[in-house]
Each structure stands twice: as structure tokens, then as C-alpha cells.
Amino acid sequence: MTEITGDQRIQSEVLEGLATAVNHRRWFVELAVPYLGDNPIEIGSGLGDYALEWAEHFPRFTATEADPDRLVALKERLADRPNIEVRQMLLPHSEQGDYSAAVSYNVLEHIEDHVGALRSMGELVRPGGAVVIIVPAFQFAMSPADIATGHVRRYTKKTLSAAMTEAGLRVEKIHYANALGLIGYFMATKVFRLMPKEGPMVKVYDTLVLPATKAAEQVLLPPFGQSVFAVARTPA
């Protein structure tokens, strides 16, 4: 991320608001765990909510952040976790690595050169390792909230798959997640022009709607969703 897009204050407010959506986060944590190996790196760790949960599963975990202020806060928050290394990272870059996987949630949509960013993630990972991505879905849902937080685009399975393939990765798994979340997000941010912040709406959705959505999608993958989840492999 040669340039960090979007209003950093608004981004932090949104991250803090979404931190209260505990069931949503646990679901998305679980989606990635089978692919992360023994020593993964997270690109764009934000406030560290995902890093803290993922690090429970692995002997070593690396959290990264591009924004200098959030990096300081991230280091402070994770200081008492000896198995988590925290470092600054901007994409795209030319660094080579030997991580078991790279995972990045809701970051790629901020980066103009998303193919270069995906290629950089692949170069951080050992041969045959995974690059695990979640991005917001469907351009029609692009709202003032997306613009304010620095989203360059939203994705479909087809556009994310094309970007991963162009970056030299082999797509192993890709599907939509959180179908009802897309409807709720569209209504809240596009129709009513609200920002996704902490409040009763997030709490009710996370407590009542989300568990039913997750259970249904474990039986049958939906044809649309608030997010696209993808796993790709680096060349063996």
C-alpha cells in the first residue's frame, strides 16, 4: 500500500465499531484457520482483533499494519503475546518470505494495484502455501461509507479470482459469505447513508441474525454475500 487511502480516523472508528461484532469475527476466523499452516502473516491487522484470535491456533503469528499510528497501538496491544511479532508492512513490495500463509481481511479493496499486492503476498509465502483473502462484495453496494474508508472497489468471485490468477496464484476455493449481511449493509450505508459503527443495530445483527446466517451457509453456500472469501496457492 504505497499510499494509505481513506480517512484514517473514520477507518479506526469503523474498526472499533466492528470489533463488537464478536460472532461475525469468530466465523471469519474459523474460515481461514484450516489454510494458515504453522507460521502465518496477517497483512493489515488494524486493531489486532483477528490477530489475537488467530494467534491462539499457531505457535508463531506475525501481525502487520501500514498506518504508523495504528502500528504503535497494535504493538502496545499485542506486547504481552510472545508468539506474535508485530511489524510495519506496505504493499506492494519486493520482500521474499517463508511464511506458511498470508491472510488479509478487508485490505485489498484499499489498494490501487491489487494485483501487485496479491503478488507481494504470494512472495511472502513458501512454495505451495496459501494466500487467504476476504474483501467486500458487489460494486452496487459501494456507499459513502466505502468511499470515506478508502475503498477503491468491491469484488465479485469473478473479479477477485481474475486478480489472484494474474498475480500468479492458483485459486483453490472462492465463495460468497454473509448473504443477509449484504442486504443489511446496503440498506444501512447506501439507502440510509449510515456509517457502520458500534450500536444496537450491529449488536442485534451479530447476536440474532449472524448465527442463523452462518448455520445456513455451512449447509449451502449462497449466490451472493457481503464478502468474498478466497484461498489461493503459491506455485509449488
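Look up a bit, the structure's there.
Residues numbered from 1 in each chain as written. Predicted model: local features only at pLDDT ≥ 70, side-chain atom pairs only at ≥ 80, totals over all residues. Heavy atoms only, no water.

Enquirer: It is not clear to me how helix 5 (residues 114-123) should be interpreted in this structure. Could you clarify?
Expert: Residues lying three or four places apart along an α-helix face the same way, a consequence of the helix completing one turn every 3.6 residues. Of all 10 residues that make up helix 5, eight are buried, and the element is covered over most of its length. Taken residue by residue, helix 5 has His114, Val115, Gly116, Ala117, Leu118, Ser120, Met121 and Gly122 as its buried positions. Contacts from the buried residues of helix 5 go to strand 4 (99-105), strand 5 (125-136) and helix 7 (157-166). (Buried < 20%, exposed > 50% of the residue type's maximum accessible area, 1.4 Å probe, protein only. Helix = DSSP H or I, 4+ residues; strand = E, 2+ residues; numbered from the N terminus. Contact = heavy atoms within 4.5 Å.)

Enquirer: What exactly am I supposed to notice about the sheet that holds strand 7 (residues 227-233) here?
Expert: Pairing within the open sheet is mixed, and its seven strands lie in the order 3-2-1-4-5-7-6. Bordering the open sheet on either side are strand 3 (84-88) and strand 6 (170-177), each of which pairs with just one other strand. Pairing geometry for strand 4 and strand 5, over six bridges, is parallel. Bridging across to strand 5, Tyr105 finds its partner in Ile134. Here helix 4 (residues 68-78) sits on the sheet in contact with strand 2 (61-65) and strand 3, set at roughly 170° to strand 3. (Pairing = 2+ DSSP bridges. Axes fitted to C-alpha atoms, helices over the stretch in contact; angles between N-to-C directions.)

Enquirer: It is not clear to me how the pairing of strand 3 should be interpreted in this structure. Could you clarify?
Expert: For a regular strand, the rule is simple: side chains alternate between the two faces of the sheet. Pairing of strand 2 with strand 3 involves five bridges; the strand directions are parallel. Bridge pairing links Phe61 to Ile84 in strand 3. As for the winding sense of the linkage, the β-α-β connection from strand 2 through helix 4 to strand 3 is right-handed. (Right-handed = clockwise from strand over helix to strand, strands pointing away.)

Enquirer: Can you walk me through the nonpolar core in this structure?
Expert: A general tendency of soluble globular proteins is for nonpolar side chains to be buried together. Membership of the largest hydrophobic core comes to 32 residues, with the highest contact counts inside it found for Leu108, Leu118, Met121, Ile133, Leu160 and Met164. When residues of this core are traced back to their parent elements, those giving at least two are strand 4, helix 5, strand 5, helix 7 and strand 7. In contact with Ile133, other than residues within four places in its own chain, are Ser104, Tyr105, Leu108, Leu118, Met121, Leu160, Met164, Val228, Phe229 and Ala230. Counting 30 residues, the second largest nonpolar core, distinct from the first, contains Phe58, Ala63, Leu74 and Ile84. (Core = buried A, V, L, I, M, F, W, Y, C linked by side-chain atoms within 4.5 Å.)

Enquirer: How should I be thinking about the side chain of Arg153 in this particular structure?
Expert: The topology assignment puts Arg153 in the loop between helix 6 (144-148) and helix 7. Salt bridges are absent for the buried Arg153, whose nearest opposite-charge side chain, Glu112, sits at 4.6 Å. Within the structure, Arg153 has its side chain in polar contact with the backbone oxygen of Glu112 (distance 2.9 Å). Other than its neighbours up to four places away in sequence, Arg153 contacts Leu108, Glu109, Ile111, Glu112, His114, Gln139 and Met142. (Lys, Arg positive; Asp, Glu negative; His and termini not counted. Salt bridge = Lys/Arg side-chain N within 4 Å of Asp/Glu carboxyl O. Polar contact = N/O pair within 3.5 Å; in protein donor to acceptor, adjacent residues only side chain to side chain.)

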